[in-house]
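The residues making up each chain are set out below.
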Amino acid sequence: MQPIRKVVIPVAGWGTRSLPATKNIPKEMLPIYNKPVIQYVVEEAQAAGMSDVILITNRDKSVIEDHFDHNLQLEGYLKQKGKDSMLQVVQDVAEMVNIISIRQKQQKGLGHAISCARSAIGNEPFAIMVGDDLIFSGMPGIKQLIEVAMSENMPVVGVMEVPWDRVDRYGIVDGEQVGSGIYRVNNLVEKPSRDKAPSRLAIVGRYVLTPDIFDYLDKTAPGVGGEVQLTDAMQALCKERGMMAVKIRGKRFDAGNWPEFLSANIYFGLQDENIRYPLIDDLKEFLQLE
Ligand code: G1P
């Protein structure tokens with residue numbers, strides 16, 4: 001398989017789970033400690049060697065593109081004030097990756113959003129990272145998939161085990177374990193009820209796919225929720241060329257879920273020596289631990 005240079009990040013959703021915070025701010029721009037959610041996802045892509053980020057956006061999301069560009073006025077101000085380390089931080093974000101932005105002109109589901117990237121992807125394998133699934137681990141989550149895609153020459157989907165009472169929120173994989181945390185996929189099903197779920201291996205917003213997925217997406221009828229489901233097109237791709245699943249090692253936060261969003265903030269705050277101890281003191285007080 002050719003090296004993976006491009007990643008599609010769909011960011012056209014309304015973010016209704018995060019209202020009213022997202023009334024006028026894209027959910028991807030909500031901060032987790034001192035960076036917006038989307039920056040963590042792009043950093044993961046960059047750490048896995050990707051250079052081109054294809055954002056599937058809508059008319060209200062241009063602030064995301066701006067975040068990954070220079071802000072000359074701000075840079076000039078920081079320079080004038082001698083705030084060199086912060087200047088470096090904001091310049092680095094602007095230089096991280098190339099951003100290609102494509103409008104999803106109708107909201108017809110994740111599968112439809114991905115199909116909007118067809119001409120930007122061309123004929124090479126590519127990654128997909130869902131913009132509000134944050135994964136933290138020693139080896140970037142998407143890189144764990146890329147390694148298996150390269151060695152097996154097959155599309156790969158990232159999974160994690162979820163409790164049985166949550167299988168109906170995810171795409172679920174029916175697979176046969178062939179190595180430590182590695183599965184050969186037999187079937188995929190989008191948001192099954194608990195009694196229809198073949199396992200509790202849930203798709204967690206990380207994929208490495210081959211460009212033939214676009215032909216399957218074109219043929220995919222609306223599925224669960226009346227939306228064109230990526231999972232349904234992947235089921236067809238899986239039958240045709242095979243597919244692997246990798247149980248991602250690391251910690252996942254769904255940024256659209258308030259307890260997980262808040263936990264992620266605390267998790268990152270605790271990593272920073274500058275705020276770690278005052279934060280712990282406050283948490284102890286809130287929890288009345290001492
Ligand atoms: C999408 C996918 C689903 C996957 C999930 C991961 O669902 O359709 O298969 O498990 O992302 O976050 P959504 O959360 O957009 O409903």
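Bear in mind the structure is a predicted one, so any value in this text is a computation, not a measurement.

1. Brief notes about helix H9 (residues 230–241)
Link 1 in the chain: Here H9 is 12 residues long and its end C-alpha atoms lie 16 Å apart, about the 16 Å a rise of 1.5 Å per residue gives.
Link 2 in the chain: Directly beyond the C-terminal end of H9, a positive phi value near 85° is found at Gly242.

2. Points about the pairing of strand S7 (residues 133–136)
Remember that side chains alternate between the two faces of the sheet whenever the strand is regular.
Link 1 in the chain: Burial of S7 is two-sided: the residues Asp133 and Ile135 facing one way and the residues Leu134 and Phe136 facing the other way are all buried.
Link 2 in the chain: As defined by bridge partners, S7 adjoins strand S13 (residues 251–254) across 4 bridges and the pair is classed as antiparallel. Considered in S13, the bridge of Phe136 is made with Lys251.

3. Overview of the UniProt feature "domain: Nucleotidyl transferase" (unreviewed entry) in the protein chain
Link 1 in the chain: Under the UniProt annotation, "domain: Nucleotidyl transferase" (unreviewed entry) lies at residues 7–265.
Link 2 in the chain: Helix makes up 34% of residues 7–265 and strand makes up 27%, while its end C-alpha atoms are separated by 25 Å.

4. Thoughts on helix H1 (residues 37–47)
Link 1 in the chain: Along H1, 8 of the 11 residues are buried, which leaves the element largely enclosed by surrounding structure.
Link 2 in the chain: Three or more residues of H1 are buried, namely Val37, Ile38, Gln39, Tyr40, Val41, Val42, Glu44 and Ala45.
Link 3 in the chain: Immediately beyond the C-terminal end of H1, within one or two residues, lies Gly49, with a positive phi of roughly 95°.

Cut-offs used in this document
Residues numbered from 1 in each chain as written. Predicted model: local features only at pLDDT ≥ 70, side-chain atom pairs only at ≥ 80, totals over all residues. Heavy atoms only, no water. Helix = DSSP H or I, 4+ residues; strand = E, 2+ residues; numbered from the N terminus. Expected span 1.5 Å × (residues − 1). Buried < 20%, exposed > 50% of the residue type's maximum accessible area, 1.4 Å probe, protein only. Pairing = 2+ DSSP bridges. UniProt positions renumbered as here; feature names shortened; annotations may be inferred.

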